[in-house]
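Structure assessment
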Amino acid sequence: MKRLYRPIAWLLLCAAAALIVLYPAGDADQKREAAIRARYGGFSGVLRLWTCEDLSPLSGWLNGRIAAFEKRHGGVYIQLSEVDEAALGDFAAGRVNPPDMLLFLPGMIEETAFLLPLEDDYALRAGLERAGTLDGTRYALPVAMDTYGLAYNRALLGALPADWSALSERPAASKSFKKQAESYWLDWPRDTDAQSWSAALIALFSGTASGETARQGAPAGEGLDLGLSLPSDPTQPPAEAPRAETLIENRLPNILPDSFRRDASVYASFTRASLTAMPVTAREIRRLTTLSDSGRAPDWAAAAPGAAFTDQIALLAITNCERTALPERQALCREFALFLLAEDAQRTLTAAQALPVIDTPPLYAGANGLSALESGLSGQTIAAPPAFDNAWRERAAALADRMVAGDITPQAAWDALKDTLNAGGAP
């Protein structure tokens, strides 16, 4: 029997050797590369994607999507690199090999001359249709987003009040502090180059009542004296004096706490329980959740009142700088952009605790904080800033100043800010 097996084994070995000669080990790779050449004109190699530190929380999600894309496109590799904001905005200066794609926040890039115009038929959330456009042309595509809300200490505040100024001057002092003066109801951080906390303040408080006048409107004959009143009729009884809440030293009643502070370091104060409430994005919620898991955070909850606003939108743009195989590179980049917008990719944004830019079923139902941010966007049209301009930021800061001073209502500030955003950032 062994003598019979030996000739058979020898024949099988010879046949295998013949197959190796006729079909080398790399034949499958060669066939895959041939398919790529047929579709993308022969391009195979590295596509370079630049992003920035502010979007580093998306890196894990991006790497997962890149791996899935590369698996579908053999011979194509996407290199994700984090660069500083100056390099990102100066990508076409010619001093370095330009990237194929850019991922940035609104305002980080102000020139579109070296960006590829894109189609504009993407199924985005309501309000995001204009995000990434300039003068009606799309140069960038939203692929992920964050938004704003308020986190509050449930041990000190059962729910967010409609009028913060109606609360006592200061909350009950935390056990961690002996002086009651060290406790505050609500503080607000300063604006950064990439984040307008001023605009978030206006949006979150829009729709909040600001005294009786703001809730019901001033009755006829009451309100601000514009110097246009007609002479009084002596046959009529004198009109009642305007209600005290209509005008207080030319200022509207304030809905913010008397102790409200801006330009404050809010996160550390909140986690020490010396601050009752603070504004948050998903970034702060991630940090609070980590502290909660270790038992070092206060008992907190989050809500997203007011209007839906965000300047935290990850925008993907395709560069249009002269280089070899440019059409083939851009074709692959377009496909990658669509790949990130697909519903299955958007649903995996949970890996980064980010929010989708298309309508999807809820991703964070039951998750403390994130579910509040998500539900705050439900059914709303999102207000977003222009992608390639920063002039709106000064306008937002000025409106927030007037709102905090009580000169205008939160709703009036929001209406004015929306007009600025819709005008492309111009005051």
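Quick caveat: nothing in here was measured; it's all calculated off a predicted structure. (Residues numbered from 1 in each chain as written. Predicted model: local features only at pLDDT ≥ 70, side-chain atom pairs only at ≥ 80, totals over all residues. Heavy atoms only, no water.)

1. A word on the overall build of the chain
Quick note on the threshold: Note on conventions: DSSP H or I runs of at least 4 residues are helices, E runs of at least 2 residues are strands, and numbering of each starts at the N terminus. Think of it in three bands: with a 1.4 Å probe and only protein chains considered, a residue is buried below 20% of the maximum accessible area for its type, exposed above 50%, and partly exposed in between. The Shrake-Rupley method, run with a 1.4 Å probe sphere, supplies the accessible areas, and residue values consider only the shown protein chains as cover.
The number of helices and strands found in the chain is 13 helices and eleven strands. Per-residue burial over the chain gives 46% buried out of 427 residues. Just so you have it, the chain exposes about 21,600 Å², and 53% of that area is on carbon and sulfur atoms.

2. Describing the pattern of salt bridges
To keep things clear, this is the line we draw: Salt bridge criterion: a side-chain nitrogen from Lys or Arg within 4 Å of a carboxyl oxygen from Asp or Glu.
Going through the model one piece at a time under the given rule, you end up with eight salt bridges. When the shortest N-O distance is used, the salt bridge between Arg 283 and Glu 284 registers 3.1 Å. On the accessibility criterion, Glu 284 (9% relative accessible area) is buried.

3. Focus: the sheet that holds strand β9 (residues 275-280)
Note the threshold: Each pair of strands is called paired provided DSSP finds at least two bridges between the two strands. Axes, fitted as lines to C-alpha atoms, cover a helix only where it is in contact. Angles between the N-to-C directions of the axes lie from 0 to 180 degrees. Residue contacts are defined here by distance: any two heavy atoms, one from each residue, within 4.5 Å place the two residues in contact.
Here four strands make up an open sheet; going across it, the order is β8-β9-β7-β10 and the pairing mixed. The two strands at the open ends of the sheet, each matched to only one other strand, are β8 (184-186) and β10 (300-303). With direction set aside, neighbouring strand axes in the sheet form an average angle of 25 degrees. As judged from the two bridges shared by β8 and β9, these two strands associate in the parallel manner. Following the sheet pairing, Leu 186 is matched in β9 by Ala 277. Contacting β7 (149-153), β9 and β10, helix α8 (residues 282-293) crosses the sheet at an angle of about 160 degrees to β10.

4. Notes on helix α13 (residues 410-422)
Spelled out, the test is: In this analysis, the expected span of each helix is defined as 1.5 Å times one less than the number of residues it contains. Of all possible arcs, the one meant is that of the directions from the helix axis to the C-beta atoms.
The terminal C-alpha atoms of α13, which comprises 13 residues, lie 18 Å apart, in line with the 18 Å expected from a rise of 1.5 Å per residue. All of the buried residues along α13 are Pro 410, Ala 413, Trp 414, Ala 416, Leu 417, Thr 420 and Leu 421. All buried residues of α13 fall inside an arc of 165 degrees around its axis, so they share one side. In the segment just after α13, Gly 424 is the residue with positive phi, at about 85 degrees.

5. A short note on unusual backbone geometry
A positive phi is found at Ala 325, a non-glycine position, where the angle reads about 55 degrees. Relative to the helices and strands, Ala 325 is located in the loop between β11 (313-318) and α9 (326-341). On the accessibility criterion, Ala 325 (29% relative accessible area) is partly exposed. Notably, Gln 353 is not glycine yet its phi reads approximately 55 degrees, a positive angle. Locating Gln 353 in the fold gives a position in the loop between α10 (343-347) and α11 (370-377). For Gln 353, a relative accessible area of 24% puts it in the partly exposed group.

6. Some words on the sheet that holds strand β6 (residues 141-145)
Read across the sheet, five strands follow the order β2-β1-β3-β11-β6 without closing on themselves; strand pairing throughout is mixed. Of all the strands in the sheet, just β2 (76-82) and β6 have a single pairing partner and so form its edges. In this sheet, adjacent strand axes meet at a mean angle of 25 degrees when their direction is disregarded. Bridge analysis of β6 against β11 gives four bridges, and the strand direction is antiparallel. Along β11, the bridge assignment pairs Leu 141 with Leu 316. Sheet contacts for helix α3 (residues 59-72): β2, β3 (101-104) and β6; angle to β2, the most-contacted strand, approximately 165 degrees. On top of the sheet, α9 reaches β1 (45-51), β2, β3, β6 and β11; it is set at about 160 degrees to β11, its chief contact.

7. Considering the environment of Leu 291
On the secondary structure map, Leu 291 appears in helix α8. A relative accessible area of 14% places Leu 291 in the buried class. When the C-alpha atoms of Leu 291 and Thr 271 are compared, they prove to be 8.6 Å apart, with 20 residues separating the residues in sequence.

8. Details of a negative patch on the surface
Applied cut-off: A residue counts toward a patch only above 30% relative accessible area and without a salt bridge, and it is joined to like-charged neighbours within 9 Å or, for Val, Leu, Ile, Met, Phe, Trp and Tyr, to nonpolar neighbours within 5 Å. Working convention for charge: Lys and Arg count positive, Asp and Glu count negative, and His plus the chain ends are omitted. To locate a charge, take atom NZ for lysine, CZ for arginine, CG for aspartate or CD for glutamate.
A cluster of like negative charges, contributed by Glu 53, Asp 54, Glu 82, Asp 84, Glu 85 and Asp 193, occupies part of the molecular surface. For Glu 82, the location among the structural elements is in strand β2. Exposure remark for Glu 82: the relative accessible area of 46% places this residue in the partly exposed category.

9. Observations concerning the nonpolar core
Under the convention used in this document: What is meant by a nonpolar core is a set of buried Ala, Val, Leu, Ile, Met, Phe, Trp, Tyr and Cys residues, joined one to another through side-chain atoms within 4.5 Å.
Among the nonpolar cores identified, the biggest contains 82 residues, and Leu 58, Met 101, Leu 103, Phe 104, Leu 128, Leu 316 and Phe 336 are the most heavily contacted of them. Of the residues forming this core, the biggest block, seven residues, is contributed by α9. Setting aside anything within four residues of it in sequence, one finds Leu 58 in contact with Leu 103, Ala 144, Ala 314, Leu 349, Ala 352 and Ala 354.

10. Re the packing of helix α12 (residues 391-405) against α13
Cut-off, in case you're wondering: Should an angle fall under 35 degrees it is called roughly parallel, over 145 degrees roughly antiparallel, and 65 to 115 degrees roughly perpendicular, with every other angle called oblique. Three categories are distinguished: nonpolar for Ala, Val, Leu, Ile, Met, Phe, Trp, Tyr, Cys and Pro, charged for Asp, Glu, Lys and Arg, and polar for the others, with Gly belonging to the last.
Where α12 meets α13, the closest approach of the two axes is 10 Å, and the angle between their N-to-C directions is 170 degrees. Taken as axis vectors, α12 and α13 run roughly antiparallel relative to one another. Between α12 and α13, the residues in contact are Trp 392, Arg 395, Ala 396, Leu 399 and Met 403 and Pro 410, Ala 413, Ala 416, Leu 417, Thr 420 and Leu 421, respectively. When grouped by side-chain class, the residues that make up the contact of α12 with α13 number nine nonpolar, one polar and one charged.

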